[in-house]
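# Residue-level structure breakdown
Below are the chains, spelled out letter by letter.
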Amino acid sequence: MDIILYSSIALIAIAFLILVIYVVQTLKTLQTTLQHVAKTVEEVEKQMHEIGKETAQLLHKTNALADDVHKKAESLQSVFDAVKQVGVTVQTFSDSISKTLTTNEKKITQAIRWGQTLIEIWTKWKEKRK
């Protein structure tokens, strides 16, 4: 019976030794994997830091561009105001001419007739001269 007991203890010890060997191998593999993960995380942190710097630079450039566009838009506002004033002036002038033409329509028609008559007379006089 002692032999069975000692054999069982030896078998348990061997099984425990095999278990420990597999656990050690698993832990070593896990350690290697964790080291790779740590390196990857460090690289990602560096890349994120660089991306942060580039983003900040891009943001500064964008703000400068927005300020420049705003200044140019403000300077163009005076041009638009001037064009608007020209449009108002032209409209006023056009309205004035329309009113003048309406009030002097008979005189204008008569002046055109006189002009046509003078042109006909001049043309006939020129033909007789030849």
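Quantities reported herein were computed from a predicted structural model and do not represent experimental measurements.

What counts and what doesn't
- Residues numbered from 1 in each chain as written.
- Predicted model: local features only at pLDDT ≥ 70, side-chain atom pairs only at ≥ 80, totals over all residues.
- Heavy atoms only, no water.
- Helix = DSSP H or I, 4+ residues; strand = E, 2+ residues; numbered from the N terminus.
- Rg over C-alpha atoms; globule rule 2.2 N^0.38 Å.
- Buried < 20%, exposed > 50% of the residue type's maximum accessible area, 1.4 Å probe, protein only.
- Areas by Shrake-Rupley, 256 points an atom, 1.4 Å probe, with all protein chains shown as cover.
- Lys, Arg positive; Asp, Glu negative; His and termini not counted.
- Charge placed at Lys NZ, Arg CZ, Asp CG, Glu CD.
- UniProt positions renumbered as here; feature names shortened; annotations may be inferred.
- Patch = residues over 30% accessible without salt bridge, like charges linked within 9 Å, V, L, I, M, F, W, Y side chains within 5 Å.
- Salt bridge = Lys/Arg side-chain N within 4 Å of Asp/Glu carboxyl O.

## Things to note about the overall build of the chain
Looking only at helices and strands, the chain has two helices and zero strands in total. At 51 Å, the chain has a C-alpha radius of gyration far larger than the 14 Å of a compact globule built from 130 residues. Overall size of the chain, expressed as C-alpha extent along the three principal axes, is 160 × 35 × 30 Å. Each of the 130 residues in the chain was classed as buried or not, and the buried ones make up 0%. Carbon and sulfur atoms provide 67% of the accessible area of the chain, an area that totals close to 12500 Å². Taking the 17 positively charged and 14 negatively charged side chains of the chain as two groups, their mean positions are separated by 24 Å.

## Description of the environment of His60
Inspection of the secondary structure puts His60 in helix 1 (residues 2–103). Judged by relative accessible area, which is 57%, His60 ranks as exposed. When the C-alpha positions of His60 and Leu30 are compared, they lie 44 Å apart, and in sequence the two are 30 residues distant.

## So, the UniProt feature "transmembrane region" (unreviewed entry) in the chain
With numbering matched to this structure, UniProt assigns "transmembrane region" (unreviewed entry) to residues 6–24. Measuring from the first to the last C-alpha atom of residues 6–24 gives 26 Å, for a span that is 100% helix and 0% strand.

## Let's talk about a nonpolar patch on the surface
Nonpolar side chains collect at one region of the surface, where Phe16, Leu19, Val20, Val23, Val24, Leu27, Leu30 and Leu34 lie side by side and expose about 720 Å² of accessible area between them. One can find Val20 in helix 1.

## What to know about the pattern of salt bridges
Between side chains of opposite charge, pairing is possible as soon as their charged atoms come close. Tallied over the full model, the rule gives one salt bridge. Close ionic contact of Lys72 with Asp68 constitutes a salt bridge, the shortest N to O distance being 3.3 Å. You can see Lys72 and its partner Asp68 sitting in helix 1, four residues apart, about one turn around the helix. Judged by relative accessible area, which is 33%, Asp68 ranks as partly exposed.

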